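Close look at the chain arrangement
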Amino acid sequence: MVYYPIMFHVRNRSLYVERVPVGKLAGLCGTPLYIYSQAQLLRNFNEFERAFKDVPHVICYALKANSNLSVARTFSQAGAGADIVSAGELYRAALAGFPPEKIVFSGVGKTADEMRYALDSGILMFNVESMEELAALNRVARSLGRKAPVAIRVNPDVEAGSHRHISTGTAENKFGIQKRSILEAYRTARSLGHIEVLGIQAHIGSQITSARPFLALLLVLLRLVDELSREGIRLRVVDVGGGIGITYHRESPPSPSEIARSFIPLLRGRNLKLLFEPGRFLVGNAGILATRVLYRKHSGRKRFVIVDAAMNDLARPALYDAYHRITPARSRPGRREAVDVVGPVCESGDYFARGRKMVLPGPGEVLAIENAGAYGFAMSSQYNSRPRAAEILVNGRRWDVVRERETLKDLVHGEK
Ligand SMILES: *Cc1c(COP(=O)(O)O)cnc(C)c1O
């Protein structure tokens, strides 16, 4: 049986996003086209909220997964905070209405300008990733006559078991400070006049499909909290990052409530606020990329379906060999055969599916590339001078263009 996230379904052989047929939107707005379900966005957020309702917590949406203002505003209005990694994301977070006291700033390479902007905005905390960054932040805060609230990012040496490009919590990658140097880092932080030690943070990877690494991570962090407390350094925030996986193919990732079941007993009676930084989990299954078939061709033993979306629109297959289900906007009976679905860009990596069994779609037919809400549009580019796709947000029968399709003029904006 094909699984559909609740807000995407097939009725009378037509694929719908909530109450709106995908084929209709493709016809009216053109393709390639990102379509998001607001109901699914909220469902994902509320599932998370409910799971952790018994402990003080803030869910900080990792804006980098999908930074569209209307998507972000959906979460800010539902009570989320934001996890940002750049000044640009802070700018977007402010426009989308996230309260500064719920914004955390992650990333290994924050510039002095970015620190100044974030301090002026009054964000909750900086997740600091190195001793040099800590010193730089102290200098910037001093120059503004303020104290910078920080969590130090620990590299907990926990294996997340996901793709090597998106695994971040083991000893040999660039993120965080080694566990054995953490106490020293906090002693230094405490001694700096313009640093306020607030919490501890880690983020061990992305598309994690088991609950075990999260529990292992929390245990590492709580042990450090206790060790620091013995030295008189009392942390108030424990931020476990993001990384909760979703079902692209046959994965069965943990639900927030499964994670919560192991977390809550460990957090009871402690005076700690729990932070999460989910990105993919909140938006991944809430978006599709609609694309139209241009041509079909045989080459050797292979059958290709060439569509009007490409790796510049959705880079995940090219970058990570990622699997995305593909469903026709209008299905019809027929023999299924193995096809490669590819885009028009001049790169062999420009594909969406290889050897995928489907009823061969004809030219002009619309296909939905599923689970494209996270790291889809956000990672898109104008490679091959292709204007970026439009984005639509559906809410029941209502739908809005929440980002206009780029024009040819947009391609040369600012150039001479
Ligand atoms: C990317 C990232 C996230 C979000 O990751 P997801 O896998 O989308 O949940 C959260 N925190 C940090 C620090 C990140 O770099």
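Our subject is the structure that appears above.
A brief report on the enclosed structure follows. (Residues numbered from 1 in each chain as written. Predicted model: local features only at pLDDT ≥ 70, side-chain atom pairs only at ≥ 80, totals over all residues. Heavy atoms only, no water.)

Some thoughts on the site of the ligand
The environment of the ligand is formed by 14 residues, the closest being Lys64, Ser206, Glu277, Arg280 and Tyr375. Between the ligand and the protein, one listed contact pairs an oxygen atom with a backbone N or O atom of Gly243 at 2.8 Å. Contact distances for the ligand include 2.8 Å between an oxygen atom and a backbone N or O atom of Arg280. Burial of the ligand by the surrounding chains reaches 93%, relative to a free accessible area of 390 Å². Taken together, the residues of the shell around the ligand sort by class into three nonpolar, six polar and five charged. (Near = heavy atom within 4 Å. Polar contact = N/O pair within 3.5 Å; in protein donor to acceptor, adjacent residues only side chain to side chain. Areas by Shrake-Rupley, 256 points an atom, 1.4 Å probe, with all protein chains shown as cover. Nonpolar A, V, L, I, M, F, W, Y, C, P; charged D, E, K, R; others polar.)

Quick word on the sheet that holds strand E2 (residues 14-17)
Read from one edge of the open sheet, three strands run E1-E2-E3, paired in antiparallel fashion. Unpaired on one side and paired on the other, strand E1 (8-11) and strand E3 (20-21) mark the two borders of the sheet. As judged from the four bridges shared by E1 and E2, these two strands associate in the antiparallel manner. Note on E2: the bridge partner recorded for Val10 is Leu15. (Pairing = 2+ DSSP bridges. Helix = DSSP H or I, 4+ residues; strand = E, 2+ residues; numbered from the N terminus.)

Observations concerning the pairing of strand E11 (residues 195-201)
One face of the sheet, then the other: side chains in a regular strand alternate in exactly this way. Taken across its seven residues, E11 has six buried, putting it largely inside the fold. Sheet topology places strand E9 (residues 148-155) next to E11; six bridges connect them, and they run parallel. If you follow Ala148 over to E11, its bridge partner there is Ile195. For E11 and strand E12 (residues 237-239), the ladder comprises three bridges, and the chain directions are parallel. The residue bridging Ile200 from the neighbouring strand is Val238, located in E12. (Buried < 20%, exposed > 50% of the residue type's maximum accessible area, 1.4 Å probe, protein only.)

A short note on the environment of Glu184
Positionally, Glu184 belongs in helix H7 (residues 182-191). Take Glu184: its relative accessible area is 45%, and that puts it in the partly exposed class. A sequence separation of 144 residues divides Glu184 from Pro328, and the C-alpha atoms of the two residues are 56 Å apart. A polar contact is formed between the side chain of Glu184 and the side chain of Arg187, at a distance of 2.8 Å.

With respect to the pattern of salt bridges
Under the criterion given, the structure shown has 15 salt bridges. The partner of Arg236 in a salt bridge is Glu196, with the nearest N and O atoms 3.0 Å apart. Note that Arg236 is positioned in the loop between helix H8 (212-230) and E12 and Glu196 in strand E11, a separation of 40 residues in sequence. Put simply, Glu184, Arg187 and Glu231 are held in one network by salt bridges that share partners. (Salt bridge = Lys/Arg side-chain N within 4 Å of Asp/Glu carboxyl O.)

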